[in-house]
Amino acid sequence: VETNGGCKLDCGCGRTLRKLMQYKTPLSKVEIIAQNLKRIGIKHICYYNLGEPFLSNNILCELKEFRSHMPDITFSLSTNGVLLNTPAKYEAALMFDEIVFSIDGCDQQTTVKYQKGSNFELAYSNMKRLVELRNLREQTKPIIIWKYVVFNWNDKKKHLEKTLQLANEAKID
């Protein structure tokens, strides 16, 4: 499901698509989508593709709409982590079964080489905070994954060791 076609970062994959896919699905359409997905028997929704899901300020309402029609549906989401920045967005995040944080570096310098416009400290702290909130509530979900795409500028032993250390400190799944 793609309810938002925008992204604030300038990764190589998004430059052309960003110009073509600037859209946001109105909440009234989310209800229609949810009804149609229920009708055809969808069991899992991937909340990502061309845009950053947390760019939507309505993500919590969108998820509640889907859940009202399909209470047993499972959800996964992929995010760069930068826009997980309001209580409502954290509540929405805690409704997912799995969240993949795409943070392609272990510090600001290595991250922005590919994810131009990103903020490593912000993305990492948002990921860490989500783990803390989930654990505080004694929930087992969402499963939180740090996706680290390896390039020739972030593949050194020191980068990978630092990433593993940070992942362990944040208690990433």
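Calculation criteria
Residues numbered from 1 in each chain as written. Predicted model: local features only at pLDDT ≥ 70, side-chain atom pairs only at ≥ 80, totals over all residues. Heavy atoms only, no water. Pairing = 2+ DSSP bridges. Helix = DSSP H or I, 4+ residues; strand = E, 2+ residues; numbered from the N terminus. Axes fitted to C-alpha atoms, helices over the stretch in contact; angles between N-to-C directions. Contact = heavy atoms within 4.5 Å. Phe/Tyr/Trp six-rings, centres within 6.5 Å; stacked < 30°, edge-to-face > 60°. Buried < 20%, exposed > 50% of the residue type's maximum accessible area, 1.4 Å probe, protein only.

**Concerning the sheet that holds strand β2 (residues 74–79)**
Line of reasoning, step 1. Reading across the sheet, the four strands line up as β1-β2-β3-β4 and stay open at both edges, with parallel pairing between neighbours. One side of each edge strand has no neighbouring strand; the edge strands of this open sheet are β1 (44–47) and β4 (143–147). Averaged over all pairs of adjacent strands, the angle between their axes in this sheet comes to 15 degrees, without regard to strand direction.
Line of reasoning, step 2. Note: β1 against β2, four bridges, orientation parallel. Counted as the bridge partner of Y47 is L77 from β2.
Line of reasoning, step 3. Packed on one face of the sheet, helix α3 (residues 59–69) meets β1 and β2 and runs near 165 degrees to β1.

**Section: unusual backbone geometry**
Line of reasoning, step 1. Between K141 and P142 the backbone carries a cis peptide bond, its omega angle lying at 10 degrees.
Line of reasoning, step 2. With respect to the helices, strands and loops of the structure, P142 is situated in the loop between α6 (120–136) and β4.
Line of reasoning, step 3. Notably, K171 is not glycine yet its phi reads approximately 60 degrees, a positive angle.
Line of reasoning, step 4. By secondary structure assignment, the location of K171 is in the segment after α7 (157–170).

**Quick notes on the packing of aromatic side chains**
Line of reasoning, step 1. Tallied over the full model, the rule gives 10 aromatic pairs.
Line of reasoning, step 2. For the ring pair Y47 and F66, a centre distance of 6.3 Å and an interplane angle of 90 degrees mean the geometry is edge-to-face. Linking Y47 in strand β1 with F66 in helix α3, this pair joins segments that are 19 residues apart in sequence.
Line of reasoning, step 3. Using a relative accessible area of 1% as the deciding quantity, one classes Y47 as buried.
Line of reasoning, step 4. Between F120 and Y124, the ring centres sit 5.8 Å apart and the planes meet at 10 degrees, which makes this aromatic pair stacked. Of this pair, F120 and Y124 both sit in helix α6, separated by four residues, roughly a single helical turn.
Line of reasoning, step 5. Taken together, Y47, F66, F75 and F96 form an aromatic cluster joined through their ring pairs.

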